[in-house]
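Analysis of the macromolecular model
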Amino acid sequence: YQRRVRAHEWYKDFSQCLHLLNIVHSALVSSDSSLEEGVTSVVSGESFHSSRLTTRLMQQVQEPLMLGSRSIPGWCEKLVNQYPMLIPFDTRSIYFNATAFGIS
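This section reports on the structure supplied with the text. (Residues numbered from 1 in each chain as written. Predicted model: local features only at pLDDT ≥ 70, side-chain atom pairs only at ≥ 80, totals over all residues. Heavy atoms only, no water.)

Brief notes about the packing of helix 2 (residues 51–61) against helix 5 (residues 89–101)
Where helix 2 contacts helix 5, the two axes come as close as 10 Å, and the packing angle between them is 20 degrees. In terms of orientation, helix 2 and helix 5 fall into the roughly parallel class. Seen along the crossing, helix 2 lies across helix 5 with a hand that is left-handed. Listed contacts from helix 5 to T54, L57, M58 and V61 of helix 2 are T91, I94, Y95 and A98. For the contact of helix 2 with helix 5, the class distribution of residues is 6 nonpolar, 2 polar and no charged. (Axes fitted to C-alpha atoms, helices over the stretch in contact; angles between N-to-C directions. Helix = DSSP H or I, 4+ residues; strand = E, 2+ residues; numbered from the N terminus. Parallel < 35°, antiparallel > 145°, perpendicular 65-115°, else oblique. Left-handed = near helix turned anticlockwise from the far one by under 90°. Contact = heavy atoms within 4.5 Å. Nonpolar A, V, L, I, M, F, W, Y, C, P; charged D, E, K, R; others polar.)

Some remarks on the nonpolar core
L57, Y83, L86 and Y95 are the most contacted members of the largest nonpolar core, which has 15 residues in total. Going through the elements one at a time, helix 2, helix 4 (74–82) and helix 5 are the ones with two or more residues in this core. Here the element with the most residues in this core is helix 4; it accounts for 3 residues. With residues up to four places along the chain from it excluded, the contact list for L86 reads L18, L21, F48, H49, S50, L53, T54 and L79. (Core = buried A, V, L, I, M, F, W, Y, C linked by side-chain atoms within 4.5 Å. Buried < 20%, exposed > 50% of the residue type's maximum accessible area, 1.4 Å probe, protein only.)

So, the environment of H25
Here H25 lies in helix 1 (residues 2–33). Residues H25 and S47, spaced 22 residues apart in sequence, show a C-alpha to C-alpha distance of 9.7 Å. In contact with H25, not counting residues within four places along its chain, are F48 and M85.

Quick look at a nonpolar patch on the surface
Taken together, the side chains of L20, I23 and V24 define a hydrophobic patch exposed on the protein surface, amounting to about 260 Å² of accessible area. Structurally, I23 is set in helix 1. The class of I23 is partly exposed, set by a relative accessible area of 45%. (Patch = residues over 30% accessible without salt bridge, like charges linked within 9 Å, V, L, I, M, F, W, Y side chains within 5 Å. Areas by Shrake-Rupley, 256 points an atom, 1.4 Å probe, with all protein chains shown as cover. Salt bridge = Lys/Arg side-chain N within 4 Å of Asp/Glu carboxyl O.)

Focus: the side chain of T54
Following the sequence through the fold, T54 ends up in helix 2. Judged by relative accessible area, T54 falls into the buried class, the value being 13%. The residues touching T54, leaving out its near neighbours within four places in the chain, are L86, I87, P88 and T91.

What about helix 5?
Along its 13 residues, helix 5 runs 18 Å from first to last C-alpha, staying within 8% of the 18 Å computed at 1.5 Å per residue. Buried within helix 5 are the following residues: T91, Y95 and A98. The buried residues of helix 5 occupy an angular sector of 70 degrees when the element is viewed end-on, so they sit on one face. Along helix 5, exposed side chains directed more than 90 degrees from the buried face belong to F89, D90 and F101. Packing partners of the buried residues in helix 5 comprise helix 2, helix 3 (64–68) and helix 4. (Expected span 1.5 Å × (residues − 1). Arc of directions from axis to C-beta.)

Side note on helix 2
Of the residues making up helix 2, those classed as buried are T54, L57, M58, Q60 and V61. Around the axis of helix 2, the buried residues are gathered within 155 degrees of arc, so they sit on the same side. What points out from helix 2, more than 90 degrees from its buried face, is the exposed set S51 and R52.

Interpretation in functional terms is not warranted from these geometric data alone.
Have a look at this one:
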């Protein structure tokens, strides 16, 4: 029972951290679009990309059994849809093609 409580607390903390990252990213993107011409932003959008999350997502997408049975974990969809700033566009595109059209 204690393990479940700890896991839930960890997930809650992690969700709050992701939410905070989303807010920071949104603030930087909106401030980046309002910058004067010729002024560059201190932080690029690529600074938020996570190589570990990208690798894990690609591992899930490259599993034919997971794709065929449509049993990709829920965290993959949540990550791609709610926190796209963490995953490069190329990887999100691969995820979309694999989940929308299945195995080819």
